[in-house]
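Overview (structure and organization)
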Amino acid sequence: MRKVPTRGIPETWKTGLIEVAPKVFAFVQPTGETGISNAGLIVGSEAAVAVDALMVPSMTRRFVTAIKKATRKPVAQLINTHHHLDHTGGNRFFRSAAIISHVRCREALAPGFPPLPLLQRFMPRFAKEFPLMKVVLPTVTFEDRLVIHDGQREIQLWHPGGMAHTIGDAAVYLPKEKILFTGDIAFHYVTPLAFQGHVGNWIKAADRLLAFEANVLVPGHGPIGTKADLKKMRDYLALVRREAKRRFDAGMSAEEAARDIRLGIYARWREAERILPNIMRCYQEFRNELHQPLDLRAMIEGMERLRGAASDHTCV
Ligand SMILES: [Zn+2]
Ligand SMILES: [Zn+2]
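So, here is what we can say about the structure in this document. (Residues numbered from 1 in each chain as written. Chains lettered and ligands numbered in written order. Predicted model: local features only at pLDDT ≥ 70, side-chain atom pairs only at ≥ 80, totals over all residues. Heavy atoms only, no water.)

Looking now at the pattern of salt bridges. Applying the stated criterion across every chain yields a total of 21 salt bridges. Between glutamate 301 and arginine 121 there is a salt bridge, with its nearest N and O atoms 3.7 Å apart. Of this pair, glutamate 301 sits in helix α9 (residues 296–308) while arginine 121 sits in helix α4 (residues 116–122); the two residues are 180 residues apart in sequence, bridging distant segments of the chain. Among the ionic pairs, arginine 121 bridges to glutamate 304, the shortest N-O distance being 2.7 Å. Taken together, the residues span a long stretch of sequence, with arginine 121 in helix α4 and glutamate 304 in helix α9 at a distance of 183 residues. In the salt-bridge network here, residues are joined through shared partners; they are Arg242, Glu243, Arg246, Arg247 and Asp260. (Salt bridge = Lys/Arg side-chain N within 4 Å of Asp/Glu carboxyl O. Helix = DSSP H or I, 4+ residues; strand = E, 2+ residues; numbered from the N terminus.)

A four-donor tetrahedral metal ideally has 109.5 degree angles, and a six-donor octahedral metal ideally has angles of 90 or 180 degrees. Around the zinc ion (ligand 1), the protein supplies Asp86 (OD), His87 (NE2), Asp184 (OD) and His221 (NE2) as donor atoms, at distances of 2.1 to 2.2 Å. Taken together, the four donor atoms coordinating the zinc ion (ligand 1) and their angles of 89 to 158 degrees define a geometry best described as irregular. Here the donor residues of the zinc ion (ligand 1) share one chain and are spaced in sequence as D-H-x96-D-x36-H. In this structure, the zinc ion (ligand 1) lies 3.4 Å from the zinc ion (ligand 2), and both are coordinated by aspartate 184. Here aspartate 86, found in helix α2 (residues 85–88), pairs with histidine 221, found in strand β12 (residues 216–221); they are 135 residues apart in sequence, far enough to count as distant. When its relative accessible area of 8% is taken as the criterion, aspartate 86 is described as buried. (Donors = N, O, S within 2.8 Å, 3.2 Å for Na, K, Ca; no water. Tetrahedral: all angles 85-135°; square planar, octahedral: opposite > 155°, others 65-115°. Buried < 20%, exposed > 50% of the residue type's maximum accessible area, 1.4 Å probe, protein only.)

Here you go:
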């Protein structure tokens, strides 16, 4: 196996509730792997705003406990950055809050979470908690932009236009504090997963976020960082899309392409086998078939095969 450099890739990082500006917090979970996302808390003059609700009850309870330690003010609004269950699974713990999302996020969440056996196979470590989860839909939706005003503070919600990581992404931007909660438009040192996304548009969305005046980025997965970290993820997507196109044109299958593409430093990012769904979505993009959902079972089985293969996608 080729030796892949690890320089600059954090093994671990600071977790828990971290104050990134006065009264603005990131709630960061370890590893950032499948189902293990980050959240946020913005404490205002009368009430607080939470960004994402995490997934299984044990996670959201830890987040809620941390919120209660940080403030006595109620959470009046909860923002869902997109419909994935690692960001919306805990919505029911914020019953008294208005739940705000992009209109497409609410639509995507409405049919419910993926089937239980599939979730349990995909994320076995949370198998016992999945039956406890219940879908709670957003109560307020927006299409393009939304601003929450609280005294001097502005909380801007921004949708990239069209499908990026998902059909209904929202980033949360604090212009005064120059902080971005990106949702899953940014993954830091964890391989981004495009199984319901549009890789070409996601690259454009990342470019547009990179143009924001922001000093601190709280990604959907991985450690708190800066735009330099988002740029690395953007370059991963560009690499995968470029290399996928060459192999698509050569008639290679998505799985053959996944085994063939050399990821270099990105082979050391967590969950490198996600290259397969990322290529599968690129292939759908090239065929103009992105409206068709990816077969989740085929995706999970392919990733399992890839994880077991001796390629530079799976170095541990
Ligand atoms: Zn996520
Ligand atoms: Zn996601």
